[in-house]
Amino acid sequence: FIPSDFTLKTKPTEDLSVAPAPPDMIIDSDAWRVHFKKDNRYGQPKAYAFLQISQGQDLFGEGTTPHTSALARLLKASLQDALNEYSYDAAVAGLQYSVSFTTRGIALSFSGYNDKLPAFIETVAASLASHVPSSEEKLQRFKDTIVRDLSSFKTELPYKHASFFAALCKNLPGYLQSQVQEEVDKISLAELQAWTHAVWKRGYGEALIQGNMLESDARALIKSCEKTFKFDPIPEPERAWPALVQLPVVKDGYGSVLRMAEPNPTETNSAVYIQFQNADREVESQVAMEVIGAVMEQPFYNSLRTQQQLGYIVFAGSKAEGGTRSLVMTVQSSIANADYLAERMFEFIESFDTTLQAMSDEQFKAYVSGLVDQKLEKDKKLTSETLRHWGEIVEGEYRYNRDEKEAAALKQLTRDKILLTYRSVVKSGGEQRRPLTSMVYTLTDPKTKERMAAPVKTGSLAISDPKEFLAQQTKFPRIKGTPPIPLDIERIGGLV
């Protein structure tokens, strides 16, 4: 795989001062959708290939179970073990690859010098498609490694646990690491072999090939992958996809409240994670949440960390998730219990309305200008541009001009819009207030059981079982974008 041809197939002609052109969709069949962009911007003899092979809802997607997760972890370990023979040669040749399982199926990524990249991808793909775990000894070794990795979850910091537990209340699929760990030992070699065959039986591939390659190179590469994997196409309604639920409106108190004991019995810290979900997916409303997060970040830190000295881990900001933006904040402390942390955090939230009102026009414009500059900053490397394109593709939105659209929306924002959004989505009494509060209590505090058994804050909604809570909520509809179609539409429709 050592490269010998470093010739640039196209000369750099794109203006680096303007946003890069998006990739084209060159193949759209019932089995594959392929996006391609040749590099005429950075002038590097390198290329990237990202492939997502989605499975059916019967294997992955929002219904993924702990048992499925255990199977996927074991198969991933077996695949990586089988590919070890290529690792050294690939590294010497300047090639990289990764194999992983997502909530949709199998994700593959390849990068490096384009000269031998297609041959490398074909070799790895053939190994993946033909591999079936066959060693009882190796299976036990994989199980031991996976169980150790899953066990390490307990030793992570409480603020990470609080965020993880919050995800169980809004994301599908969702399950505890301990549940996966329980399933690992139950899996036999015969079951893993049968599941491996099932994984490759049906699929739908989506790919991005970008860099120093021609369209004919990309088509030949995908044609080779099609022959190698040989899966039956899965109709779109049957393809695996994760889901995000719309949190319920709770106008008062702490919103929907989940209280959990810290998994590590010797951990002395407690933590609280709060998320205010904005269910309005319109771009103006979403970028307003970004501004609120930017404005809140420093005052929140100054109040809870510097002045109140509640802990070293203190953060507030915005989070993008499933086409929404949320205001998120977290505090971890060894001197205050979770109840006290939540009380201080919500007190700050209520008082922050005054801060927003007192903000001058110049301060407001500075925050907006900073966010606009971040969004309009041009990609400086082929890597960053390709990853940004792949992010749009893998989410199925294809909004390659997302940053430009959001920057334009930011420029139209007013202080009144920010205040209106805050009072509707965040402040008590808001018509669209959807808070989720995840509280993690240290077990070193003798009063923890008493605190966790006490009634939740007046007006709040207690979550006794995340799975039951999820089942009662409405799922956000999946956002489906339309990829750009090349002018020569005769190229679309199949592998040629």
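The model shown is predicted, which means the values in this text are computed figures rather than measured ones.

Colleague: Mind showing me how you'd approach the overall build of the chain here?
Modeller: Across its full length, the chain holds 15 helices and 16 strands. Relative to the globule expectation of 23 Å for 496 residues, the C-alpha radius of gyration of the chain, 25 Å, shows essentially globular dimensions. Along the first, second and third principal axes, the C-alpha set of the chain runs to 65 × 55 × 40 Å. A buried classification covers 51% of the 496 residues belonging to the chain.

Colleague: Please explain the pattern of salt bridges as it appears in this structure.
Modeller: Pairing is possible between side chains of opposite charge, provided their charged atoms come close. In total, this model carries 31 salt bridges according to the counting rule given. A salt bridge links Asp28 to Arg33; the nearest nitrogen and oxygen atoms lie 3.3 Å apart. Judged by its relative accessible area of 24%, Asp28 is partly exposed. Here Arg33 falls in the buried class, since its relative accessible area comes to 18%. With a shortest N-O distance of 2.8 Å, Glu377 and Lys380 are connected by a salt bridge. Side by side, Glu377 and Lys380 carry an identical accessibility label, which is exposed.

Colleague: Any chance you could explain the nonpolar core here in plain terms?
Modeller: A general tendency of soluble globular proteins is for nonpolar side chains to be buried together. Ranked by internal contacts, the top residues of the largest apolar core, which has 58 residues, are Trp32, Phe110, Leu128, Trp195 and Phe229. Sort the elements by how many residues they give to this core and helix α1 (residues 66-92) lands first, with 10 residues. Among the nonpolar cores identified, the runner-up in size contains 46 residues, and Tyr254, Ile274, Ala288 and Ala342 belong to it.

Colleague: Honestly, unusual backbone geometry in this entry has me stumped. Any pointers?
Modeller: Most peptide bonds take the trans form, and the phi angle of most residues other than glycine is negative. Backbone torsion omega between Leu172 and Pro173 reads 5°, so that peptide bond is classified as cis. Mapped onto the elements of the fold, Pro173 is located in the loop between β6 (171-172) and α5 (177-184). With a phi angle near 50°, Gln309 is a residue other than glycine that sits in the positive phi range. Residue placement: Gln309 occurs in the loop between α8 (283-307) and β12 (313-321).

Colleague: How should the sheet that holds strand β11 (residues 270-278) be read in this particular structure?
Modeller: In sheet architecture, strand pairing relies on hydrogen bonds along the backbone and comes in two forms, parallel and antiparallel. Overall, mixed pairing links the six strands, which are arranged β12-β13-β11-β14-β10-β15 in an open sheet. The sheet terminates laterally at β12 and β15 (461-463), the two strands that pair on one side only. This sheet shows a mean twist of 20° between the axes of neighbouring strands, independent of strand direction.

Colleague: Can you walk me through helix α10 (residues 361-376) in this structure?
Modeller: Helical geometry: 3.6 residues make up each α-helical turn, so side chains three or four residues apart lie on a common side. Counted at 1.5 Å a residue, the expected span for α10 with its 16 residues is 22 Å, and the 22 Å between its end C-alpha atoms agrees. Within α10, burial applies to Phe364, Val368, Leu371, Val372 and Lys375. The buried residues of α10 occupy an angular sector of 105° when projected down its axis, which confines them to one face. Facing away from the buried side of α10, by more than 90 degrees, are the exposed residues Glu362, Ala366, Asp373 and Gln374. In this fold, the buried residues of α10 make contact with α8, β13 (324-333), α12 (402-412) and α13 (415-425).

Colleague: Quick question: what am I supposed to make of the pairing of strand β4 (residues 95-101) here?
Modeller: Note on strand geometry: in a regular strand, side chains alternate between the two faces of the sheet. In this structure, β4 lies alongside strand β5 (residues 105-113), joined through seven bridges in antiparallel fashion. Its bridge partner being in β5, Gln96 is matched across the sheet by Ser111. What sits between the antiparallel neighbours β4 and β5 is a turn of three residues.

Colleague: It is not clear to me how a nonpolar patch on the surface should be interpreted in this structure. Could you clarify?
Modeller: Residues Ile2, Tyr88 and Val92 make up a contiguous nonpolar surface patch of about 350 Å² in total accessible area. Within the fold, Ile2 resides in the segment before β1 (24-28).

Colleague: Is there a simple way to think about the confidence of the model for the chain in this case?
Modeller: Predicted coordinates in regions of low pLDDT should not be interpreted in detail. Confidence along the chain averages 94 in pLDDT terms, with 98% of residues attaining 70 or more. Note on residues 487-496: pLDDT under 50 across the span, and 22 contacts to partners over four residues away in sequence or across chains.

Colleague: What is the right way to read the sheet that holds strand β16 (residues 474-475) from this model?
Modeller: Reading across from one edge, β6-β9-β16 is the order of the three strands in this open sheet, with antiparallel pairing throughout. Unpaired on one side and paired on the other, β6 and β16 mark the two borders of the sheet. Sheet topology note: the β6/strand β9 (residues 243-246) ladder contains two bridges and is antiparallel. What sits directly across from Leu172, in β9, is Ala243.

Colleague: When you look at the environment of Arg402 in this model, what are you seeing that I'm missing?
Modeller: By secondary structure assignment, the location of Arg402 is in helix α12. Along the sequence, Arg402 and Glu392 sit 10 residues apart, while their C-alpha atoms lie 9.0 Å from each other. If we ignore the near neighbours within four places in the chain, the residues touching Arg402 are Glu392 and Glu397. A polar contact is formed between the side chain of Arg402 and the side chain of Glu392, at a distance of 2.6 Å.

Colleague: Honestly, the packing of aromatic side chains in this entry has me stumped. Any pointers?
Modeller: By convention here, two paired aromatic rings are described through the distance between centres and the angle between planes. Counted according to the given criterion, the structure contains 19 aromatic pairs. Look at Tyr48 and Phe50: their rings are 6.3 Å apart centre to centre, the planes differ by 10°, and that puts the pair in the stacked class. Across the pair, Phe50 and Tyr48 agree in class, each one buried. When the centroid spacing of 6.2 Å and the interplanar angle of 40° are considered together, the rings of Phe101 and Trp195 count as tilted. With Phe101 in strand β4 and Trp195 in helix α6 (residues 189-201), this pair connects stretches of sequence that are 94 residues apart. Assigned by exposure class, Phe101 and Trp195 land together as buried. An aromatic cluster is defined as three or more aromatic residues linked by ring pairs; in this entry it consists of Phe1, Tyr97, Phe110 and Phe120.

About the cut-offs
Residues numbered from 1 in each chain as written. Predicted model: local features only at pLDDT ≥ 70, side-chain atom pairs only at ≥ 80, totals over all residues. Heavy atoms only, no water. Helix = DSSP H or I, 4+ residues; strand = E, 2+ residues; numbered from the N terminus. Rg over C-alpha atoms; globule rule 2.2 N^0.38 Å. Buried < 20%, exposed > 50% of the residue type's maximum accessible area, 1.4 Å probe, protein only. Salt bridge = Lys/Arg side-chain N within 4 Å of Asp/Glu carboxyl O. Core = buried A, V, L, I, M, F, W, Y, C linked by side-chain atoms within 4.5 Å. Pairing = 2+ DSSP bridges. Axes fitted to C-alpha atoms, helices over the stretch in contact; angles between N-to-C directions. Expected span 1.5 Å × (residues − 1). Arc of directions from axis to C-beta. Contact = heavy atoms within 4.5 Å. Patch = residues over 30% accessible without salt bridge, like charges linked within 9 Å, V, L, I, M, F, W, Y side chains within 5 Å. Areas by Shrake-Rupley, 256 points an atom, 1.4 Å probe, with all protein chains shown as cover. pLDDT = per-residue confidence, 0-100. Polar contact = N/O pair within 3.5 Å; in protein donor to acceptor, adjacent residues only side chain to side chain. Phe/Tyr/Trp six-rings, centres within 6.5 Å; stacked < 30°, edge-to-face > 60°.

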